[in-house]
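Below, each chain spelled out in residue letters.
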Amino acid sequence: MSWKIALTVALLTAVITALATAPVADHVTSKLRVSNMEGQRGMAIAFIFIPAGFLGGFLLGLLGTKLVHAVEWAQFWKAAGVSLAMSLGGLVAIAGLSLLGSPITPQFGGKPLELQAEILIPRPLQPKAPIGDGNPRASLYAGPSDNHRAEVDTGRIRTDGDTLVVPITASLNTAYSPRMLSIIIDDSLSYTLDMPLQPSPQEGDFQWTAPLDMRLSVLNGKPPAPTGITARYRVAVADSVQ
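Residues numbered from 1 in each chain as written. Predicted model: local features only at pLDDT ≥ 70, side-chain atom pairs only at ≥ 80, totals over all residues. Heavy atoms only, no water.

What follows is about the overall build of the protein chain. Looking only at helices and strands, one finds three helices and eleven strands in the protein chain. Seen in sequence order, the protein chain has helices and strands lined up from the N terminus as α-α-α-β-β-β-β-β-β-β-β-β-β-β. At 27 Å, the protein chain has a C-alpha radius of gyration far larger than the 18 Å of a compact globule built from 242 residues. Structurally, the protein chain occupies a C-alpha span of about 90 × 35 × 35 Å along its principal axes. (Helix = DSSP H or I, 4+ residues; strand = E, 2+ residues; numbered from the N terminus. Rg over C-alpha atoms; globule rule 2.2 N^0.38 Å.)

Attention now goes to the pattern of salt bridges. Inspection of every chain in the model, using the stated rule, returns seven salt bridges. Of the charged contacts, one joins Arg 232 and Glu 118 as a salt bridge, the two residues approaching to 2.9 Å between their closest N and O atoms. In this pair, Arg 232 is assigned in strand S11 (residues 230-237) and Glu 118 in strand S2 (residues 111-122), connecting sequence segments 114 residues apart. Residue classification places Arg 232 among the partly exposed residues on the basis of a relative accessible area of 23%. Here Asp 187 and Arg 137 are joined by a salt bridge, their closest N and O atoms 2.2 Å apart. (Salt bridge = Lys/Arg side-chain N within 4 Å of Asp/Glu carboxyl O. Buried < 20%, exposed > 50% of the residue type's maximum accessible area, 1.4 Å probe, protein only.)

Attention now goes to the packing of aromatic side chains. In the structure shown here, the tally under the stated rule is two aromatic pairs. Each ring, one from Trp 73 and one from Phe 76, has its centre 5.9 Å from the other, and the planes form 40°; the classification is tilted. Under the relative-accessibility criterion, Phe 76 is labelled buried at 10%. Seen in terms of ring centroids, Phe 76 and Trp 77 are 4.9 Å apart; in terms of plane orientation they differ by 80°. Their pairing is edge-to-face. Overall, the relative accessible area of 65% leaves Trp 77 in the exposed class. Of note, Arg 232 hangs over the ring of Trp 208, and the distance from its end group to the ring centre comes to 4.1 Å. (Phe/Tyr/Trp six-rings, centres within 6.5 Å; stacked < 30°, edge-to-face > 60°. Lys NZ or Arg CZ within 6 Å of the ring centre and 35° of its normal.)

Let's shift gears to the nonpolar core. Judged by nonpolar contacts, the single largest core of 28 residues is most densely connected at Ile 119, Val 166, Ile 168, Leu 181 and Ile 183. Listed by contribution, the elements that provide at least two residues to this core are S2, strand S3 (137-141), strand S4 (147-152), strand S6 (163-171), strand S7 (179-185), strand S8 (189-195) and S11. In terms of residue count, S2 provides more of this core than any other element does, five residues in total. Non-local contacts of Val 166, meaning those with residues more than four positions away in its chain, are made with Ala 117, Glu 118, Ile 119, Ile 121, Pro 136, Val 152, Ile 157 and Ile 183. With seven residues, the next largest nonpolar core counts Ile 5, Val 68, Ala 70 and Ala 79 among its residues. (Core = buried A, V, L, I, M, F, W, Y, C linked by side-chain atoms within 4.5 Å. Contact = heavy atoms within 4.5 Å.)

The analysis is restricted to geometry; functional conclusions fall outside its scope.
See below:
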């Protein structure tokens with residue numbers, strides 16, 4: 001094996017592999033819902049995945065040259081082809097295996113879904129502080145990798161007799177069960193609905209449920225008990241009219 005040929009092939013393989021790693025890593029980390037807060041995902045791609053692709057490509061370039069026993073420049077392209085095949089093939093294999101663990105997003109007719117809910121709060125438990133600016137606020141827990149804030153439509157909050165009706169919308173990002181819908185009132189009291197919703201919603205889930213009891217979010221070792229606050233919900237195609 002010629003070391004001049006080996007180093008040239010290794011550098012060529014390393015550069016091409018690093019360039020290919022950038023879009024592949026961006027796609028995979030996006031599918032895996034890696035946080036991009038403060039540029040974390042971009043920094044991981046730039047400072048971890050691309051250098052790893054360069055190093056892996058360089059080593060496989062040396063290996064490819066050795067495998068074809070390249071001792072003359074006439075064998076350069078053969079060595080480069082073998083090296084790139086191993087390097088890019090390995091990149092695709094790693095990306096594919098990583099995507100096997102990516103969360104499955106529930107869909108209906110190829111369209112994303114959302115949860116539409118209404119929290120029914122009796123007068124004694126209604127917010128004492130002004131409504132708006134995060135009061136009340138809500139969240140949807142759907143597994144360790146999907147715990148996100150739900151949208152409280154303060155403009156559509158209404159009263160029905162002595163009951164305050166709080167409309168909430170949350171995206172369904174993952175197929176997970178059980179999901180938990182929570183609401184926090186006056187930044188102090190938190191109530192949770194353990195939702196009997198299948199990981200992948202079915203047609204029957206597009207109908208409003210009957211009002212279901214919500215429990216205190218913090219149980220302190222006690223069994224769940226009705227709080228007087230109830231919630232009803234349905235699944236809908238995202239951006240559909242309630």
